[in-house]
Amino acid sequence: MMMTKIFKPLTLLLSCAVLIFSFASSASPVDTFVFKDEATKVRFQQLSKELRCPKCQNQNLADSNSPIAQDLRLIVYNMLQEGKSDSEIVDFMVYRYGDFVLYKPKVNKMTYILWYGPIGLVIIAGVVIFMMLRRRAGKIEQTEQELSAKEQSRLDDLLK
Amino acid sequence: MAKLFRFLPLVVFILLGVLLYRGLFLNPQAMPSALIGKPVPEFTLTTLADKERTVTKADLNGKIVLLNVWATWCPACKSEHPYLVDIGRNPRVALYGINYKDDRAAAQRWLRDFKDPYVFSLFDVDGDLGLDLGVFGAPETFVVDHHGIIRKRFAGPINGAVWQREFLPLISDIEAEIAQGS
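Numbering of residues begins from 1 in every chain and follows the order in which that chain's sequence is written. Naming scheme: in the order in which they are written, chains are lettered from A and ligands are numbered from 1. Confidence filtering applies because this is a predicted model: local features only for residues at pLDDT of at least 70, side-chain atom pairs given and counted only at 80 or more, and all residues used for totals across whole chains, interfaces and linings. Only hydrogens and water are removed before side-chain values are computed, so all heavy atoms of the structure are retained for them.

### Quick notes on the interface of chain A and chain B
Note the cut-off: Every residue pair with non-hydrogen atoms within 4.5 Å of one another is taken to be in contact. Here's the idea: put two parts together, see how much 1.4 Å probe accessible area each one loses, and the total over both is what we call buried area. Take a side-chain nitrogen of Lys or Arg and a carboxyl oxygen of Asp or Glu: if they are within 4 Å of each other, that pair is a salt bridge.
Chain A puts 17 residues into the contact, and the matching count from chain B is 19 residues. Carbon and sulfur atoms make up 60% of the area that chain A and chain B hide from each other, which totals about 1,600 Å². It is Tyr95, Arg96 and Tyr97 of chain A that lose the most area in chain A upon contact with chain B, and together they represent 35% of the buried surface on that side. Inspection of the chain A/chain B interface yields two salt bridges. Between Asp132 of chain B and Arg96 of chain A there is a salt bridge; the shortest N-O distance is 2.8 Å.

Spelled out as structure tokens, the structure:
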């Protein structure tokens, strides 16, 4: 008896806990790089997140365990230690692997649909819903009047 | 106008259907090579057979050059090997190997055991040439034309169907260009 009572809130609590804790967990590969300063380390982490693993294409360089990702992370590290700028490193990768290596796509003619499509669809959906609601409101008024007219004639008949 | 609105979900459904149908035939893994139209990168590597012999891209002789990226740790390379032996005998192309991030002794043994189809193989132990070519795994095969420009990168093992579909048309095109003097 007691069990069934606490079952619902307990499940809810546990599901929330699982959800929240899952945000904190991530299995990333461990590199042991020593950076010349904190700023370089931050740049490395940033670049690793912005570049895609060419082999495991749904992961960025930071998350992927594949050999090519390890190689590319090493290249990024070496280029940073040599003092290359972020854009030089990105250009280096794009020259060899194409725009696809950018985890965050560039904004150009080809990617307008990708970037603005979702918000565009939401706006279109909003407009459609708005217009449908307006029409429905108009219909309800009409039927009310009709009913009134019908009821009126019934009333007259009853009263006759 | 309001009457046409009722067809909106149908229209959206049809458009989506067309889009998704097309998507069934696309390869989500396909990554077009960024090197197409660019010259073969410069390199200085030893050959696999002879660690005293250094070669550069000037040593890749042939009207149409095929660069095949292979390694002993790559199982698909084993499966494409018989087709490479055929391609190596084909007078229309010159087949060179890039032994990618491999162990020299193991690779030499591999070629001895299974036959060496290449004019020679480059020993790219660190993967530097592979990196410059945008290689992300093995096997991969590049087609280089008579001007030293990369025309195509095929990622995956070659077999009869692949050769017919992906390579032969391009090879014929390049031969036509050579004949026209371009």
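That covers the picture; the talk isn't over yet.
### Section: the packing of aromatic side chains
Threshold: Stacked, tilted and edge-to-face are the three classes applied to pairs of Phe, Tyr and Trp rings, where Trp contributes its six-membered ring and a pair requires centres within 6.5 Å; stacked means planes under 30 degrees apart, edge-to-face means over 60, and tilted covers the rest. Each residue gets one of three labels from its accessible area relative to the maximum for its type: buried under 20%, exposed over 50%, partly exposed in between, using a 1.4 Å probe on protein chains only. To qualify as a helix, a DSSP run of H or I must reach at least 4 residues; to qualify as a strand, a run of E must reach at least 2; elements of each kind are numbered from the N terminus. Throughout this description, the term charge over a ring refers to an Arg CZ or Lys NZ atom that lies within 6 Å of the ring centre and within 35 degrees of the ring normal.
Taken as a whole, this structure holds 14 aromatic pairs over all chains when the rule is applied. Here the aromatic rings of Phe35 of chain A and Phe44 of chain A are separated by 5.1 Å at their centres, their planes lie at 45 degrees, and the arrangement is tilted. With respect to burial, Phe35 of chain A and Phe44 of chain A carry one shared label: buried. Between Phe35 of chain A and Tyr77 of chain A, the ring centres sit 5.4 Å apart and the planes meet at 75 degrees, which makes this aromatic pair edge-to-face. Within this pair, whereas Phe35 of chain A is found in the loop between α1 (2–24) and α2 (38–50), its partner Tyr77 of chain A is found in helix α3 (residues 67–81), the two being separated by 42 residues in sequence. The class of Tyr77 of chain A is buried, set by a relative accessible area of 13%. An aromatic cluster of at least three residues, connected via ring pairs, comprises Phe33, Phe35, Phe44 and Tyr77 of chain A. Geometry around Phe114 of chain B places Lys78 of chain B over its ring, the cationic atom sitting 4.3 Å from the centre. In this structure, Arg104 of chain B is placed above the aromatic ring of Phe123 of chain B, and the distance from its NZ or CZ to the ring centre is 4.1 Å.

### Topic: the side chain of Asp124 of chain B
Residues and elements named next belong to chain B. To keep it simple, the criterion reads: Working convention for charge: Lys and Arg count positive, Asp and Glu count negative, and His plus the chain ends are omitted. The definition of a polar contact used here is a pair of N or O atoms within 3.5 Å, where within protein one atom must be able to donate a hydrogen and the other to accept one, and adjacent residues in sequence count solely through side-chain atom pairs.
Tracing the backbone through its elements, the reader meets Asp124 in strand β5 (residues 121–124). One buried charged residue, Asp124, remains without a salt bridge, the closest side chain of opposite sign being Lys101 at 8.8 Å. A polar atom in the side chain of Asp124 sits 3.2 Å from the backbone nitrogen of Leu129.

### Considering the sheet that holds strand β4 (residues 94–100) of chain B
Residues and elements named next belong to chain B. What counts here: Whether two strands pair comes down to DSSP finding at least two bridges between them. To get an axis, fit a line to the C-alpha atoms, keeping to the stretch in contact for a helix; angles then go from 0 to 180 degrees between the N-to-C directions.
A sheet is described by the order of its strands in space; here five strands give the open sequence β5-β4-β3-β6-β7, paired in mixed fashion. Of all the strands in the sheet, just β5 and β7 (150–155) have a single pairing partner and so form its edges. Across the sheet, the mean angle from the axis of one strand to that of its neighbour is 20 degrees, orientation sign disregarded. Judged from the five bridges that link them, strand β3 (residues 65–70) and strand β6 (residues 140–144) form a sheet pairing that is antiparallel. Counted as the bridge partner of Leu66 is Val143 from β6. Running at roughly 175 degrees to β7, helix α5 (residues 160–180) makes contact with β3, β6 and β7 of the sheet.

### Quick notes on the pattern of salt bridges
All names here are of chain B. Under the counting rule described, the total for this entry stands at twelve salt bridges over all chains. Taking the shortest distance from any N to any O, the salt bridge between Arg153 and Glu140 comes out at 2.9 Å. Of this pair, Arg153 sits in strand β7 while Glu140 is found in strand β6, placing the two residues 13 residues apart along the sequence. For Arg153, a relative accessible area of 11% corresponds to the buried category. By relative accessible area, Glu140 is classed as buried at 1%.

In short, the description is geometric, and any link to function would need to be established separately.
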